[in-house]
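Letter by letter, the chains look like this.
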Amino acid sequence: MSRNFQAQRLNLQELAHDGQPWSETTLIKDLQRLADETQGLSPDDAVQWQATGELRPKTGADDQVWLHLSAQARVPLTCQRCMTQVAMPVGVDQWYRFVDSEDIAMAEDDEAEEDLLVMVPLFDLMALLEDELLMALPLVPMHESCPVTPVFSAGDPAVDAAEAKPNPFAVLGQLKKS
Ligand SMILES: [Zn+2]
């Protein structure tokens, strides 16, 4: 059995005929748009993913190519409370059905649970994986409990008290001037 698929130039018909789950690991640093969203990315931070192709019969037409993509990663992002790194779990689990044209995809997309994509001779699975991971990123990444004191502390009683109480030396300086 040949498993020499190329993730950026994938023959979906071959993957579907093969029918076996194809599991791979891709380094996050090689997914540039995703890497741009990270903070403190380490060189071996990676996405584990699995792609499975299927041929499903369709009455009065050629078999349709379906693709299932699942992926898991821990993506180092910026905590929106303390601004330090927070590793967020990000997951993808999606079915796609490949159709002959953009028109068919548009027409059938509303009632379909799966995503519809237009069939191409060589499919860029890495671009799809990266798109899905970007969409799966949390809008507001945050630690459950921040390891450091948040830098933004409006309404923090300690800060308010410090601001309200004048520095004695500053008062002294003003007295000397006048
Ligand atoms: Zn935090």
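That block above? That's the structure.
In this text the structure is predicted, and so the values were computed from the model without any measurement.

Caption draft 1: Quick look at the overall build of the chain. When helices and strands are counted, the chain shows six helices and five strands. Buried residues in the chain amount to 18% of all 178 residues. Long-range pairs, those at least 24 residues apart, make up 58% of the contacts in the chain between residues at least 6 apart in sequence.

Caption draft 2: Layout of the environment of Cys 146. Note that Cys 146 resides in the loop between helix H4 (125-136) and helix H5 (157-164). For Cys 146, a count of 14 C-beta atoms within 10 Å corresponds to the partly exposed category. With 60 residues separating them along the chain, Cys 146 and Val 86 place their C-alpha atoms 9.0 Å apart. Each residue touching Cys 146, except ones within four places of it in the same chain, is listed here: Cys 79, Arg 81 and Cys 82.

Caption draft 3: Quick peek at the pairing of strand S3 (residues 61-78). Pairing of strand S2 (residues 46-58) with S3 involves eleven bridges; the strand directions are antiparallel. The residue bridging Glu 54 from the neighbouring strand is Trp 66, located in S3. Taking the residues that link successive antiparallel strands as the turn, the S2-S3 hairpin has two residues, and the phi of Gly 60 there is positive, at about 75°. Examined bridge by bridge, S3 and strand S4 (residues 85-99) share 13 bridges and lie antiparallel to one another.

Calculation rules
- Residues numbered from 1 in each chain as written.
- Predicted model: local features only at pLDDT ≥ 70, side-chain atom pairs only at ≥ 80, totals over all residues.
- Helix = DSSP H or I, 4+ residues; strand = E, 2+ residues; numbered from the N terminus.
- Buried ≥ 20, exposed ≤ 12 C-beta atoms within 10 Å, placed from the backbone.
- Contact = placed C-beta atoms within 7 Å.
- Pairing = 2+ DSSP bridges.

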